[in-house]
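# Reading the structure
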Amino acid sequence: MWTANNWKEYQLLDASSGERLERWGDYILIRPDPQVIWDAPRRMGEWKRRNGHYHRSSKGGGQWEFFHLPKQWSIQYNGLTFHLKPFHFKHTGLFPEQAVNWDWISGKIKGAARQIKVLNLFAYTGGATLAAAAAGASVTHVDASKGMVSWARENAASSGLSEAPIRWLVDDCLKFVEREIRRGNTYDAIIMDPPSYGRGPKGEIWKLEDSIYPLLKQCARLLGDNPLFFLVNSYTTGLAPSVLTYMISTVLQDRAGTVTSQEIGLPVKSTGLVLPCGASGRWETSNS
């Protein structure tokens, strides 16, 4: 398992009875997590000193309960600044487990010794975009949500990357990829972090199991003659790491490279164990 263990301002403190206990900078949050099916004793005092608690509804969705929590605050990771705020579906605007991929992305770009052109699809609030740009890449950041793209731009500005070569695009990812193929544009690296289910800006329905492989095939056509890497994330439990490996290996079978897929996770302070948080598949060139 690839583990995000280099955080200083985020920490997964405990996990029990369907919930996570987390420290985000100076604030403690309790959020639901369907993977936490065990009923462990809640001995840490932070369970009672929480600043925000997202309560899941039996009818679907849920709502936040706040205890002296600001509307927005920030945390940092390796010089990058991320603005946080509690909003719908329990989210804060950041997936901290992805830090293990940010480190890998950064290392690959810095080690390439050439200018790298990156495409980041389903780019959310820009964690991977900022990591790539800070490492020296030019990035095309694509997300269907105008609000998420604006949020990502704020994160970039706070991280000192306002003038970095980043294209900010609000678009349906598949349609954007199809247009890029027609234009003849190519990229050295592609990152995608697709949701399990979502809608595009015009109501286009996205369901991961149905849509991911056709998108991977199209994205493979966008890789240039000397590609560096291809990264795919999945939060859908039905897509095991071995499935990611098989899909990526199939669409990139004509490329000289290696595919590795693993679960990604967060270390839990109270137990020393690791909470699984999805999976990632990585293709990297064998020409470097």
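Here's a quick rundown of the structure.

A tally of regular secondary structure across the chain gives 6 helices and 17 strands. For a compact globule of 288 residues, the expected C-alpha radius of gyration is about 19 Å, and the chain comes in at 19 Å, within 12% of that figure. Along the three orthogonal principal directions, the C-alpha set of the chain runs to about 55 × 40 × 40 Å. Going through the 288 residues of the chain one by one, you find that 53% of them count as buried.

As a further point, take the pairing of strand β3 (residues 19–24). Counting buried residues along β3, 5 of its 6 residues qualify, which places the element largely inside the surrounding structure. Here strand β2 (residues 10–16) runs beside β3; their pairing, made up of 6 bridges, is antiparallel. Bridge assignment links S16 to a residue of β3, and that residue is E19. The turn joining β2 and β3, which pair antiparallel and follow one another in sequence, is formed by 2 residues; a positive phi near 50 degrees is taken by S17. As defined by bridge partners, β3 adjoins strand β4 (residues 27–32) across 6 bridges and the pair is classed as antiparallel. Bridge pairing links L21 to I30 in β4. In this structure, the hairpin formed by β3 and β4 is closed by a connection of 2 residues, where G25 is found at a positive phi of approximately 65 degrees.

Once that is clear, we can look at the pairing of strand β10 (residues 138–143). Within a regular strand, side chains alternate between the sheet's two faces. With 5 of 6 residues buried, β10 is to be regarded as a mostly interior element. Bridge analysis of strand β9 (residues 117–121) against β10 gives 5 bridges, and the strand direction is parallel. Bridge pairing in β10 links N120 to H141. Note: β10 against strand β11 (residues 166–170), 5 bridges, orientation parallel. In the sheet register, T140 faces β11, and the bridge partner there is R167. In the classification by handedness, the crossover that spans β10, the intervening helix α3 (residues 146–158) and the parallel β11 is right-handed.

Counting 53 residues, the largest nonpolar core has W7, W102, I105, I109, V118 and F229 as its most contacted members. Here this core takes 6 residues from helix α1 (residues 99–111), the largest share from any one element. When sequence neighbours within four positions are dropped, the list of residues in contact with V118 reads I109, A132, A137, S138, V139, T140, Y187, A189 and I191. In this structure, L119, Y187, L208 and L244 belong to the second largest nonpolar core, which totals 29 residues.

With that settled, consider the sheet that holds β4. Pairing is mixed in the open sheet, where 5 strands are placed in the order β2-β3-β4-β5-β6. The open sheet terminates on both sides in strands that have one partner only, identified here as β2 and β6 (62–66). Geometrically, the sheet is characterised by an average inter-axis angle of 20 degrees between neighbouring strands, direction not taken into account. Alignment of β4 against strand β5 (residues 52–56), held across 2 bridges, turns out to be parallel. Residue pairing in the sheet places I30 in a bridge with H53 of β5.

Turning to the packing of aromatic side chains, a few remarks are in order. A full pass over the atoms with the stated rule returns 13 aromatic pairs. Here the aromatic rings of F95 and Y124 are separated by 5.3 Å at their centres, their planes lie at 45 degrees, and the arrangement is tilted. Of this pair, F95 sits in the loop between β8 (80–84) and α1 while Y124 sits in the loop between β9 and α2 (127–134), and the two are 29 residues apart along the sequence. Since its relative accessible area comes to 24%, F95 is described here as partly exposed. Residue classification places Y124 among the buried positions, given a relative accessible area of 18%. Judged by centre distance (5.1 Å) and plane angle (65 degrees), the ring pair of W104 and F229 falls under edge-to-face.

Quick look at the environment of T129 now. Structurally, the position occupied by T129 is in helix α2. Note on T129: relative accessible area 0%, which makes it buried. Considering only alpha carbons, one finds T129 and G281, 152 residues apart in sequence, at a separation of 18 Å. Those residues in contact with T129, other than ones at most four positions away along the chain, are N120, A123, V139, H141, I166 and W168.

Right, let's get into unusual backbone geometry. Phi at F122 takes a positive value of approximately 55 degrees, unusual for a residue other than glycine. One can find F122 in the loop between β9 and α2. For F122, a relative accessible area of 13% corresponds to the buried category. The phi dihedral of Y124 falls on the positive side, at around 55 degrees, and the residue is not glycine.

The rules behind these values
- Residues numbered from 1 in each chain as written.
- Predicted model: local features only at pLDDT ≥ 70, side-chain atom pairs only at ≥ 80, totals over all residues.
- Heavy atoms only, no water.
- Helix = DSSP H or I, 4+ residues; strand = E, 2+ residues; numbered from the N terminus.
- Rg over C-alpha atoms; globule rule 2.2 N^0.38 Å.
- Buried < 20%, exposed > 50% of the residue type's maximum accessible area, 1.4 Å probe, protein only.
- Pairing = 2+ DSSP bridges.
- Right-handed = clockwise from strand over helix to strand, strands pointing away.
- Core = buried A, V, L, I, M, F, W, Y, C linked by side-chain atoms within 4.5 Å.
- Contact = heavy atoms within 4.5 Å.
- Axes fitted to C-alpha atoms, helices over the stretch in contact; angles between N-to-C directions.
- Phe/Tyr/Trp six-rings, centres within 6.5 Å; stacked < 30°, edge-to-face > 60°.

Read these as layout, nothing more, since geometry by itself doesn't imply function.
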